[in-house]
Amino acid sequence: MPTPEYSNGAPCWIDLMTSDTEKAKSFYGTVFGWTFQTGDEEKYGGYITAWKNGKSVAGIMQKQADMAAMPDVWSTYLRSEDAAATAQAATEHGGQVYMGPMVVPEQGSMAMIADASGAAVGVWQPAEMKGFELAAEEGAPAWHELHTKDYAAAVKFYQDVFGWDTDVMSDTPEFRYTTLGAGRAAKAGIMDASGYLPAGVPSHWQVYFAVKDTDATISNAVPLGAQVIDGPDDTPFGRIATLTDPTGATFKIVADTGQGQATADA
């Protein structure tokens, strides 16, 4: 069973901002076999933690009324030793702060920033809560990937702000891809999406979930309200598909990742 590594700058948590937490729990509970625990309303705002085989894998939170115009979305959080310093560094290197550093009692500190290409990404400074406890196992996060419209600026941002030690997987006009770490040790990827993201779609992070069988997962998810946006396609890293959940949040699934990672199917 893979043990997630929480090196600085690496993905350490994911959560879903949704317009319907009950629908999300029903959907992901059925598709991925998750169970749920709701945190104290006063202390944690009713934040829901999703569990797989007794280990935490993700969070779910209710979208507030003033966020009604925003789409439901999965977010990736990168580990930081100092969330306030990371937020400051983000502004100094072409990004911006959407939500300033705040303490989550006993658990840690968080912030939400935009990178230099406009993609939103979370920052997590751990205390008691270190991050997801399961990775690259069925029903758990398997890979984290930035699709960016400004590839060069994005790569430099994560190098400068999060200290990424990057490796260039491919550098051709058709496929530019850089990873955090290399080979089996890679923990996240940055893809040049300037050639295919529509004008109205900003740079954004995407989360991959490991599944046993991509096609079977699709067959289970669609009757529950999911839509298939892309795929399924066979890649060197597994059989990949892109879906939306019943309220429109996008996520990816991948079977047989091999190295515990996946790349996009472009």
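Preceding this paragraph is the structure being described.
Residues numbered from 1 in each chain as written. Predicted model: local features only at pLDDT ≥ 70, side-chain atom pairs only at ≥ 80, totals over all residues. Heavy atoms only, no water.

Caption draft 1: Geometry of the sheet that holds strand E6 (residues 96-104). Read from one edge of the open sheet, eight strands run E2-E3-E4-E1-E5-E8-E7-E6, paired in mixed fashion. Looking at which strands have only one partner, the edges of the open sheet turn out to be strand E2 (35-38) and E6. Going from strand to strand, the sheet's axes swing by 25° on average, the running direction of each strand aside. By the bridge criterion, six bridges tie E6 to strand E7 (residues 108-114) in an arrangement that is antiparallel. Bridge pairing in E7 links Val104 to Gly108. (Pairing = 2+ DSSP bridges. Helix = DSSP H or I, 4+ residues; strand = E, 2+ residues; numbered from the N terminus. Axes fitted to C-alpha atoms, helices over the stretch in contact; angles between N-to-C directions.)

Caption draft 2: Summary view of the environment of Gln64. If you trace the backbone, Gln64 turns up in the loop between strand E4 (55-62) and strand E5 (73-79). Accessibility expressed as a relative area gives 47% for Gln64, which makes it partly exposed. Sequence separation between Gln64 and Thr38 is 26 residues, and the spatial gap between their C-alpha atoms is 17 Å. Here the side chain of Gln64 touches Gln62 through a polar contact of 3.2 Å, landing on its backbone oxygen. (Buried < 20%, exposed > 50% of the residue type's maximum accessible area, 1.4 Å probe, protein only. Polar contact = N/O pair within 3.5 Å; in protein donor to acceptor, adjacent residues only side chain to side chain.)

Caption draft 3: Here's a closer look at unusual backbone geometry. In this chain, Gly231 is followed by Pro232 through a cis amide linkage whose omega measures 5°. Within the element layout of this structure, Pro232 appears in strand E14 (residues 227-235). Of note in this structure, Asn53 is not a glycine but carries a positive phi near 55°. For Asn53, the position within the fold is in the loop between strand E3 (48-52) and E4. Given the relative accessible area of 64%, Asn53 is considered exposed.

Caption draft 4: Structural detail: the pattern of salt bridges. Under the defined criterion, the tally for this structure stands at seven salt bridges. For Asp215, the salt bridge goes to Arg239, with nearest N and O atoms at 2.6 Å. Here Asp215 is found in helix H5 (residues 214-221), whereas its partner Arg239 is found in strand E15 (residues 238-244), with 24 residues between them in sequence. For Asp215, a relative accessible area of 32% translates into the label partly exposed. By relative accessible area, which is 25% here, Arg239 ends up partly exposed. Asp234 is the salt-bridge partner of Arg239, the closest N and O atoms lying 3.1 Å from each other. Taking the relative accessible area as the measure of exposure, Asp234 reaches 62% and is therefore exposed. (Salt bridge = Lys/Arg side-chain N within 4 Å of Asp/Glu carboxyl O.)

Caption draft 5: Looking closely at the sheet that holds E14. With mixed pairing, the eight strands of this open sheet are ordered in space as E10-E11-E12-E9-E13-E16-E15-E14. In this open sheet, the two edge strands, each paired with only one partner strand, are strand E10 (166-172) and E14. Pairwise comparison of adjacent strand axes, ignoring direction, gives a mean angle of 20° for this sheet. Pairing analysis gives four bridges linking strand E13 (residues 204-211) to strand E16 (residues 250-255), with the strands arranged parallel. By the bridge assignment for E16, Phe209 is matched with Ile253.

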